[in-house]
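Descriptive analysis of the structure
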Amino acid sequence: MKDSIMTLSDIEEKDVINVVTGERIGFVSSLRIDTNSGQIIAITVQQSMRFVNFFSKDEESIVVPWNQILKIGEDVIIVNVAQRLNEY
């Protein structure tokens, strides 16, 4: 049986696909964690570049709440994003 534990570097290597449009929206650039509960509350998806740099702008990323992640597969992460959610 395959190990069910995943590291941040494992997640960062996966493309993020929007199930609503079927389009690749980017890759995971960071996680948002509730410091009180220790739970992941969202992922930040970088849209335009394969590698994050210090000059990237907020409008180039989308914040996807953790409950909008439908599946984390071997190669992709499937999310349900109807619109930009940067205010999360």
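Before reading further, recall that the structure is shown in the block above.
Our subject in this report is the structure included herewith. (Residues numbered from 1 in each chain as written. Predicted model: local features only at pLDDT ≥ 70, side-chain atom pairs only at ≥ 80, totals over all residues. Heavy atoms only, no water.)

What follows deals with the sheet that holds strand 6 (residues 76-79). Taken in spatial order, the six strands line up as 4-3-2-1-6-5 in an open sheet, and their pairing is mixed. Only two strands of the sheet have a single partner each, and these edge strands are strand 4 (61-65) and strand 5 (69-72). Taking each pair of neighbouring strands and ignoring which way they run, the sheet shows an average axis angle of 35°. Where strand 1 (residues 15-18) lies against strand 2 (residues 24-33), three bridges are found, and the strand directions are antiparallel. Counterpart to V16 in the pairing with strand 2 is G26. (Pairing = 2+ DSSP bridges. Helix = DSSP H or I, 4+ residues; strand = E, 2+ residues; numbered from the N terminus. Axes fitted to C-alpha atoms, helices over the stretch in contact; angles between N-to-C directions.)

With that settled, the discussion passes to the environment of A42. One can find A42 in strand 3 (residues 40-46). The class of A42 is buried, set by a relative accessible area of 0%. In sequence terms A42 and I62 are 20 residues apart; their C-alpha atoms lie 10.0 Å from each other. (Buried < 20%, exposed > 50% of the residue type's maximum accessible area, 1.4 Å probe, protein only.)

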